[in-house]
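Notes for the structure review
Each chain is listed here by its residues.
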Amino acid sequence: MIAHPLILRVAIATPLRRLFDYLPDDASNLNNLQPGLRVSVSFGRRKDVTGVVVALSNQSDFPYNKLKKINHVIDRHSVIGSKHLSLLEWASNYYHYPIGEVIFSALPSALRKNNPITKYDEKFWGLTKKGVAFEAGLMKQAPKQSQLLKYLQERKIPATEEEIYSIYPRSKQSLLSLKDKGLVTKKTAGDSDNALKINKSPFKLNKDQKSATNEILKSIDNGSIFLLDGLTGSGKTEVYMTLMESVIRAGKQCLILLPEIGLTPQQIQRFKDRFEVNIAIQHSGLSDTERTQHWLAARSGKAKIIIGTRSAIWTELANPGLYIIDEEHDLSYKQQDGFRYSARDMLITRASRDKVPVILGSATPSLETLYNVKKDRYKHLILSTRAANAKPPKYRLLDIRGKKMHGPISQTLVDEITKHLNNKNQVLLFLNRRGYAVHLFCHSCGWKAECTRCDLPYTYHKNINRLVCHHCGVTKRHIEQCPDCNEALLLMGHGTERIEEVLSSLFPKATISRIDRDTTRKKNAMHDYLEKIHSGEIDILIGTQMLAKGHHFPNVTLTGIVDADRGLFSTDFRASERLAQLFMQVSGRTGRGVKEGTVIVQTYNPEHPLFQQLIEHGYNYFCNSLLQERDHSSLPPYSYMVFLRAEAHNSNDAKQFINDATMQLNQLTNNKLLLFGPIPALIEKRSGRYRYQLIIQSDSRKSLHAQLDNWLENLEKSKHSKKVRWSLDVDPQDMA
Ligand code: ADP
Ligand code: ZN
Ligand code: ZN
């Protein structure tokens, strides 16, 4: 290290695991330079790259005269506060992921480029006092202005120019005219929303809700962690909102994470109806501009509620008061590629750093969370009754061995469906597999239709009459005759399209809707389906796990789990946990109204302990026995894991890379870690690449992580690493 005058240590979005040293430009006032500022620098051959200053220093590994000056400072103020910056550094260390990539993935994508932040500052249009009271209908001469004014009045909160133009294209002139009349003004993000209007809950909290709320309120000023454990429909969201009210009244902000599927417009509306405050939304459906504006509102403290999916965890809050993660067990909280973080674990880390309480909500908590409850690290709060007095469903395990079947549906299930439909109720059938048939094969010579890139069977989709590979997305023309022997090919295994076909012929008068990824691609499709379900237009719903979560279907009285056996015999040690969660979540759709619900479970393995324990003793009992198993075999949460994942076109390259890596890690750690590999991934070949893993395990988190950085540095230099794509997965959640 050599001592120098002021040096800027800059993070740049590159896979290199380090910061880069630059000198200030001549124009900058040195006193204004600070961590969190964005700067433009030349980097390699690129002349204008955006960087974020992470630290100021007087030392560099490089001689002073080798250091380049930055081009210029992009913003007047930092875009990341020092506390948040240190959280990002923590994440980079913990996940062993390059600091530049971590910092840039935490910025809204508009700010990853070098346009100044002020571009996003002043684009909100809101009403003036005069505008709020003005009778829009009076502006007969100016219909466009009248429309705009009405829109803003109904909306109550200011709108971005983008939002306005998307509804009223080319309305800039009308906006300006309204401004001249003193009816609207242009504002900085969220200015006007200092107004704090919180509406009353329509309900009185029940006993469980009240005691949970009180318990959390008692320790609202320290970073306690709560598991709010309640069946779907037990009123968790009401508890969240009651607590949010007191946090917001105290001038603080709430961050709420929802699973990808849970963040529907209806869900957001529920919060908007209750809280007429500035609400920042963070999910991938927003435009870059909107997302940046909401992000700025969160940072500045103007937004009182920040609500979003996984990536919302990276939103900086000026004044956090409460963290909530709903359906904490949901797999969508774990990023499965690139920077593989867990939003749930990060939220808990944030909570302890910020001394802010965090609520983990779930009807089916993860084993990690239940384990932490056992260890008294989390407080367990239970909502035992369903809020609106609905009863839990009745289960019926249906042994379908040798039974009369209509495709995937047994006669017994058909009879039950008939009964429920006759009683004017709705029926939900669950099968976690879209398409028509899962195999296309030749009975005579054994030929199978397989994707050559994945070596796995194609799924036949009848609607488009094509074969689709569900692993890499490739599609292919459907064929009816065996290419080898010309015999007619057979279709085996059922998907949701097949159930739809069977039921349509059995129940020609019923309205049947299939809800899966294929039928909900269009923007409002899911919303339209949900409306139709609620209005009672739909009699039978067929769906994949899209339907399993979060939604309220008060008139569904019968749920059929068509193929409960899938996943019973997986080699992934988390498979039973996931299956149990899915099982409970699907069942939770039933009987949410006043009517009692029934769940029929079709299985070829009725004696399997998973069903027996779940149905007879419930989810918590089942998880306790799973925890004992994990304890005996020293699996997480009783130990810690990291995966090294590698894939290559040539399977030997991938295996060789893992073998070398294993040797190196053993050397670095004196064989202190448990290493298993190369183990083929559950999907061993995908898109033409062979995929292998090294499982690294230890019962001490510290020793597990101690040598990883050195090891990764070696791996990056190793000659095999050029031939493979590889990545590290800390606290992996699946073996796919
Ligand atoms: P969860 O978040 O656990 O799924 P919700 O908070 O969404 O549960 O509540 C489920 C339903 O019960 C909602 O329709 C909600 O409006 C209603 N509800 C919640 N709390 C009460 C209460 N104390 N009294 C009556 N109804 C309630
Ligand atoms: Zn054949
Ligand atoms: Zn494929």
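As a reminder, the structure under discussion sits directly above these lines.
So, a few notes on the structure that sits alongside this text. Values in this document were obtained by computation on a predicted structure and should not be read as measured data. Throughout this document, residue positions are counted from 1 along each chain, in the order its sequence is written. Labels follow written order: the first chain is A, the first ligand is 1, and so on. With pLDDT at 70 or above as the cut-off, local features in this predicted model cover only qualifying residues; side-chain atom pairs require 80 or more to be listed or tallied, and sums for whole chains, interfaces and linings still use all residues. To obtain the side-chain values, all non-hydrogen atoms of the structure were used and water was disregarded.

1. A word on the coordination of the zinc ion (ligand 3)
C451 (SG), C454 (SG), C469 (SG) and C472 (SG) make up the full set of protein donors to the zinc ion (ligand 3), lying at 2.3 to 2.4 Å. Metal-centred angles of 108 to 111° between the four donor atoms at the zinc ion (ligand 3) mark the site as tetrahedral. In the primary sequence, the donor residues of the zinc ion (ligand 3) line up as C-x2-C-x14-C-x2-C. Both residues of the pair, C469 and C472, count as buried. Shown as donors are all N, O and S atoms within 2.8 Å of a metal ion, widened to 3.2 Å for Na, K and Ca; because water is not in the atom set, sites may appear incomplete. For four-coordinate sites, all angles between 85 and 135 degrees define a tetrahedron; for four- and six-coordinate sites, opposite donors beyond 155 degrees with the remaining angles between 65 and 115 define square planar and octahedral shapes respectively, and all other cases count as irregular. Buried residues are those whose accessible area, probed at 1.4 Å on protein chains only, stays under 20% of the maximum for their type, while exposed residues exceed 50% and partly exposed ones sit between those limits.

2. Some thoughts on the coordination of the zinc ion (ligand 2)
Surrounding the zinc ion (ligand 2) are the protein donor atoms C442 (SG), C445 (SG), C482 (SG) and C485 (SG), at 2.3 Å. Taken together, the four donor atoms coordinating the zinc ion (ligand 2) span angles of 99 to 118° at the metal, a pattern that classifies the geometry as tetrahedral. In the primary sequence, the donor residues of the zinc ion (ligand 2) line up as C-x2-C-x36-C-x2-C. In this structure C442 comes out as buried when scored by relative accessible area, which is 1%.

3. Observations concerning the sheet that holds strand β13 (residues 279-282)
One bridge is not enough; two strands pair if DSSP finds at least two bridges between them. Runs of H or I in DSSP of at least four residues are treated as helices and runs of E of at least two as strands, each being numbered from the N terminus. Ordered in space as β13-β14-β11-β15-β16-β10-β17, the seven strands form an open sheet in which the pairing is parallel. Looking at strand neighbours, the two that pair on one side only are β13 and β17 (379-383), the edges of this open sheet. Geometrically, the sheet is characterised by an average inter-axis angle of 20° between neighbouring strands, direction not taken into account. Where strand β11 (residues 253-257) lies against strand β15 (residues 320-326), five bridges are found, and the strand directions are parallel. Note on definitions: angles span 0 to 180 degrees between N-to-C directions of axes, and those axes are lines fitted to C-alpha atoms, for helices only across the stretch in contact.

4. Regarding the sheet that holds strand β34 (residues 674-686)
Within the open sheet, the four strands sit side by side as β34-β35-β33-β36. Their pairing is antiparallel. Every interior strand has two partners, whereas the edge strands, β34 and β36 (725-730), have only one. Each strand axis lies, on average, 20° off the axis of its neighbour in the sheet, ignoring direction. Both strand β33 (residues 640-648) and strand β35 (residues 689-698) contribute to a ladder of nine bridges, which runs antiparallel. Along β35, the bridge assignment pairs V642 with I696. Contacts are residue-level and defined by heavy atoms, with any inter-residue pair within 4.5 Å sufficient. Here helix α22 (residues 708-717) sits on the sheet in contact with β33, β35 and β36, set at roughly 170° to β36.

5. Description of the packing of aromatic side chains
Here a pair means two rings of Phe, Tyr or Trp (six-membered ring of Trp) with centres within 6.5 Å. Their orientation is stacked below 30 degrees between planes, edge-to-face above 60, and tilted elsewhere. Taken as a whole and judged by the stated rule, the model has 14 aromatic pairs. Between Y95 and F339 the ring centres are 5.9 Å apart and the planes differ by 80°, which places this aromatic pair in the edge-to-face class. Of the two residues, Y95 sits in the loop between α1 (82-94) and α2 (99-105) while F339 sits in the loop between β15 and α12 (343-354), which places them 244 residues apart along the sequence. Residue Y95 is classed as buried on the basis of its relative accessible area, which comes to 4%. On the accessibility criterion, F339 (5% relative accessible area) is buried.

6. A few points about the site of ligand 1
Taken together, 16 residues surround ligand 1, and among them K204, Q209, K236, T237 and R270 come closest. Whenever a nitrogen or oxygen atom comes within 3.5 Å of another N or O atom, the pair is scored as a polar contact, on the condition that within protein one atom can donate a hydrogen and the other can accept it, and that pairs from neighbouring residues in sequence are kept only if both atoms are in side chains. Between ligand 1 and K204, the relevant distance is 2.8 Å, taken from a nitrogen atom to a main-chain nitrogen or oxygen of the residue. E238 has a polar backbone atom sitting 3.2 Å from an oxygen atom of ligand 1. Each accessible area is a Shrake-Rupley result for a 1.4 Å probe, and residues are judged covered by the shown protein chains and nothing else. Considered on its own, ligand 1 offers 560 Å² of accessible surface; in the complex 82% of this is hidden by protein. Ranked by residues supplied to the shell around ligand 1, first place goes to helix α9 (residues 236-249) with three residues. Under the scheme applied, nonpolar residues are Ala, Val, Leu, Ile, Met, Phe, Trp, Tyr, Cys and Pro; charged residues are Asp, Glu, Lys and Arg; polar residues are all the others, including Gly. In terms of residue class, the shell around ligand 1 is made up of four nonpolar, eight polar and four charged. Think of it this way: one heavy atom of a residue within 4 Å of a molecule or strand is enough to make that residue near it.

The analysis is restricted to geometry; functional conclusions fall outside its scope.
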